[in-house]
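The primary structure of each chain is shown beneath.
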Number of protein chains: 2
Amino acid sequence: MRISELSEATGVPIPRIKYYIREGLVPRGDTALNPGGYDDSHVHRVRLVRALVTVGGMPIDAARTVVDEIDADDPSIPKAVGPAISAISRRPTSDSSSSGDRAEKLVDSLIESRGWTIADDEPARAAFSDAVATMLDMDLADMLGHLEVYAEAADRIADADIASIDGEADLSAIVAKTLVGTVLGEVFISSLRKLAHADRARRMFWPQ
Amino acid sequence: MRISELSEATGVPIPRIKYYIREGLVPRGDTALNPGGYDDSHVHRVRLVRALVTVGGMPIDAARTVVDEIDADDPSIPKAVGPAISAISRRPTSDSSSSGDRAEKLVDSLIESRGWTIADDEPARAAFSDAVATMLDMDLADMLGHLEVYAEAADRIADADIASIDGEADLSAIVAKTLVGTVLGEVFISSLRKLAHADRARRMFWPQ
């Protein structure tokens, strides 16, 4: 197929497809292989890149790491997924916070009460501690009273996420599902929380 | 207090405080008011801006809208919160998706089954539809089987969020809590989901 047909098949505008190609995220068309240069493998790749970068907001460099690993002869889940997840994770600020110790204790006890086994250097742990310390510094400690609700929600969502991957045999499909699931799952939960907020705001400010 | 004391009180490095001031997010110090130029109101403001921008990732322009509204004589919740929430929300891509109609039907029926009242033009609705359409386009429809779990989690979290604001009388405190809660709540749920994933990955790949 030609690039115009690739655009039609994926719904992605031609200039954006050219941008993906320039950035090394989608292979160039090869007219030696077929008349238009593009085939179904390009359709799949454009859809994956669109999901990660355009819908999910993953940085280009992280997406390149992902597709390079998927294209490798022997793709590895940790190698493809690890750096990508890390790239889309928030960095802790490394500011000195007077509440840092208290925040870390709160996070430790939450992790313990969920029964989670988490490495000390897991990046999400530092980002979480940082957000908790910020609330403590701002005298918003009452807003932390519901962290258990957040943690239980995260537990249910993680189980649902894992269930979607469980039983999948193809390694490159696992990588794609893990990443697309992680990235679009963020959009899901963020959008759904905002929808639930919009519903509550309507009830509070415009009660019927 | 002087800027060095402001930095010590907030844990925010001096160059970053100067950046906040340059961007109009924190008022300049005024030595006519007190010897060092800065006071407790600056401590509060620096903490708020740090929470929104540095920890929460809110764009500078959106943060400026927020602090301008908080500084107004008669701060309004919808005016301060609306544009800020909108600025940190993902934009739908406006790509033509062959699964767009199917995605919208799925989203409508999810909203109906939750009993939510949501405006048709609520931005989170379009972002959510877009993510759902992307999964349908990628033949990952099986990953959508757990959207009810996500929606129920969002419902619980929204109720916990609202409970933190309920009973608060001071309007500028409501604005600050709503925004900090929305922004840091995203960090909470995203970090907790990643922690739960890390726990599940450890069980799957290194079972004890």
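Structure: above.
If you're wondering where the values come from, they're calculated on a predicted model, not measured in any experiment.

Engineer: What exactly am I supposed to notice about the overall build of chain A here?
Structural biologist: When helices and strands are tallied, chain A shows nine helices and zero strands. When the helices and strands of chain A are placed in sequence order, the string is α-α-α-α-α-α-α-α-α. Within chain A, buried positions represent 53% of all 208 residues. Restricting to contacts in chain A with at least 6 residues of sequence separation, those with at least 24 account for 63%. Working note: accessible area of chain A is about 9,700 Å², and carbon and sulfur atoms make up 51% of it.

Engineer: Honestly, the interface of chain B and chain A in this entry has me stumped. Any pointers?
Structural biologist: Often, the extent of an interface is quoted as the loss of accessible area on bringing the components together. Taken residue by residue, the interface counts 87 residues in chain B and 87 residues in chain A. Across the chain B to chain A interface the summed buried area is about 8,200 Å²; carbon plus sulfur atoms make up 66%. Across the chain B-chain A interface, the total number found is 13 salt bridges. Among the salt bridges present, the one from D161(B) reaches R193(A), with a minimum N-O distance of 3.0 Å. Taken together, the elements giving at least two residues each to the side of chain B that touches chain A come down to helix 3 (40-55), helix 5 (77-87), helix 6 (100-114), helix 7 (123-137), helix 8 (147-165) and helix 9 (171-205) of chain B. Considering each element in turn, the side of chain B that touches chain A owes the most residues, 25 residues, to helix 9 of chain B. In the side of chain B that touches chain A, the residues fall into 45 nonpolar, 19 polar and 23 charged.

Engineer: Explain the environment of S164(A) to me, please; I cannot follow it from the model alone.
Structural biologist: Position of S164(A) relative to the elements: it lies in helix 8 (residues 147-165). For S164(A), a relative accessible area of 8% puts it in the buried group. Measuring from C-alpha to C-alpha, the distance between S164(A) and G181(A) comes to 8.7 Å, with 17 residues separating the pair along the chain. Once residues within four sequence positions are removed from consideration, S164(A) is found in contact with K177(A), D142(B), M143(B) and H146(B).

Engineer: I tried to follow the packing of aromatic side chains on my own but got confused; where do I start?
Structural biologist: In this description, an aromatic ring pair is defined by two values, namely the gap between the centres and the angle between the planes. For the coordinates displayed, the defined rule picks out six aromatic pairs over all chains. Note on F188(A) and Y150(B): the rings are 5.8 Å apart at their centroids and 90° apart in plane angle, and the pair reads as edge-to-face. On the criterion of chain membership, the pair formed by F188(A) in helix 9 (residues 171-205) and Y150(B) in helix 8 is interchain, its members lying in two chains. The two residues F188(A) and Y150(B) agree in class, both being buried. Centre to centre, the rings of Y19(B) and Y20(B) are 6.4 Å apart; their planes meet at 45°, and the pair counts as tilted. Its relative accessible area of 30% is what places Y19(B) among the partly exposed residues. Owing to a relative accessible area of 1%, Y20(B) belongs among the buried residues under this scheme. Members of the aromatic cluster, connected to one another through ring pairs, are F128(A), Y150(A) and F188(B).

Engineer: What am I meant to see in unusual backbone geometry here?
Structural biologist: Where the residue is not glycine, phi is negative for most of them; where a peptide bond is considered, it is trans in most cases. Positive phi outside glycine occurs at D139(A), with the angle close to 60°. On the basis of relative accessible area, D139(A) is assigned to the exposed category, the value being 61%.

Engineer: Sorry if this is basic, but what is going on with the pattern of salt bridges here?
Structural biologist: Pairing is possible between side chains of opposite charge, provided their charged atoms come close. Inspection of the entire model under this criterion finds 33 salt bridges over all chains. A salt bridge links E186(A) to K194(B), with the nearest nitrogen and oxygen atoms 3.4 Å apart. Linking E186(A) in helix 9 with K194(B) in helix 9, this pair reaches from one chain into another. Between R125(B) and D120(B) there is a salt bridge, and its shortest N-O distance comes to 3.8 Å. According to the relative accessible area criterion, D120(B) is exposed, its value standing at 68%. Several salt bridges converge on common partners, so that one network encompasses R114(A), E148(A), D155(A), D159(A), D199(B), R200(B) and R203(B).

About the criteria used
- Residues numbered from 1 in each chain as written.
- Chains lettered and ligands numbered in written order.
- Predicted model: local features only at pLDDT ≥ 70, side-chain atom pairs only at ≥ 80, totals over all residues.
- Heavy atoms only, no water.
- Helix = DSSP H or I, 4+ residues; strand = E, 2+ residues; numbered from the N terminus.
- Buried < 20%, exposed > 50% of the residue type's maximum accessible area, 1.4 Å probe, protein only.
- Contact = heavy atoms within 4.5 Å.
- Areas by Shrake-Rupley, 256 points an atom, 1.4 Å probe, with all protein chains shown as cover.
- Buried area = accessible area lost by both parts, 1.4 Å probe.
- Salt bridge = Lys/Arg side-chain N within 4 Å of Asp/Glu carboxyl O.
- Nonpolar A, V, L, I, M, F, W, Y, C, P; charged D, E, K, R; others polar.
- Phe/Tyr/Trp six-rings, centres within 6.5 Å; stacked < 30°, edge-to-face > 60°.

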